[in-house]
Amino acid sequence: MVAGLVLAAGAGRRYGAPKALVRHDGRLLVERAVDVLRAAGCAPIVVVIGAAADQVRAEASLGDATLIENADWDTGMGSSLRAGLAALAGTDAPAAVVQLVDMPGITPEAVRRFVPIAGPAVLAMAGYGARRGHPVLLGRDHWAGIAQLAIGDVGARPYLARHSESVHIVRCDDVADDADLDTPA
């Protein structure tokens, strides 16, 4: 079992609206992110919401995903990552695949590539040629250390940089695109 964690709490200031509520190809981005993790076999799935949390609850169809409200969402992505990992600490999941809500090019095929290597001690990032990106796999043994460094608008990247020799790179450039939606088309 590999958990799925969707970070969807931001206000989308550059975009002009919370990205969780943005429609892309007929679906809300938050619905799409959850569907990708579900199709890849992730369970449980936790979605961290914040800005427009009530509207996300009212409009998004997320099935059995657990919604966690991050009251500190406006301090940056780090607080959402901490909130999500804290919620997953109460599960038996040995690892979590982290998906950002504003990356509609991530596919179930890309996420599935992380499942065979998932374990409590594993760290992994998607590889797009020489560039590293999402999805990211975080083994349970690392969650406390990641939470300590996830401050402000920084997620797991500082922790992954400190442990770069242990980070597995999972090629995803043939099945996904981790470009984020920063501005409306």
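Residues numbered from 1 in each chain as written. Predicted model: local features only at pLDDT ≥ 70, side-chain atom pairs only at ≥ 80, totals over all residues. Heavy atoms only, no water.

Caption draft 1: Spatial organisation of the environment of Cys-42. Counting through the fold element by element, Cys-42 comes out in the loop between α1 (29–39) and β4 (45–49). Each C-alpha atom, one on Cys-42 and one on Ala-93, is 9.7 Å from the other, the two residues being 51 residues apart in sequence. In this structure Cys-42 touches Val-2, Ala-3, Gly-4, Leu-37, Val-97 and Val-111, once residues within four positions along its chain are discounted. (Helix = DSSP H or I, 4+ residues; strand = E, 2+ residues; numbered from the N terminus. Contact = heavy atoms within 4.5 Å.)

Caption draft 2: Geometry of the side chain of His-142. Looking at the element boundaries, His-142 is found in the loop between β8 (131–139) and α5 (143–149). A polar side-chain atom of His-142 sits 2.9 Å from the main-chain carbonyl oxygen of Ala-121. Within polar-contact distance, the side chain of His-142 engages the side chain of Tyr-159 at 2.7 Å. (Polar contact = N/O pair within 3.5 Å; in protein donor to acceptor, adjacent residues only side chain to side chain.)

Caption draft 3: Inspection of α1 at higher detail. Taking burial as the measure, the eleven residues of α1 include eight buried ones, the bulk of the element. Within the sequence span of α1, burial applies to Leu-29, Val-30, Glu-31, Arg-32, Ala-33, Val-34, Val-36 and Leu-37. Positive phi appears at Gly-41, one or two residues downstream of α1, with a value of about 95°. (Buried < 20%, exposed > 50% of the residue type's maximum accessible area, 1.4 Å probe, protein only.)

Caption draft 4: Structural view of the environment of Val-46. Looking at the secondary structure, you find Val-46 in strand β4. Overall, the relative accessible area of 4% leaves Val-46 in the buried class. Linking Val-46 and Pro-94, residues 48 residues apart in sequence, is a C-alpha distance of 14 Å.

Bear in mind that shape data such as this cannot, by itself, settle questions of function.
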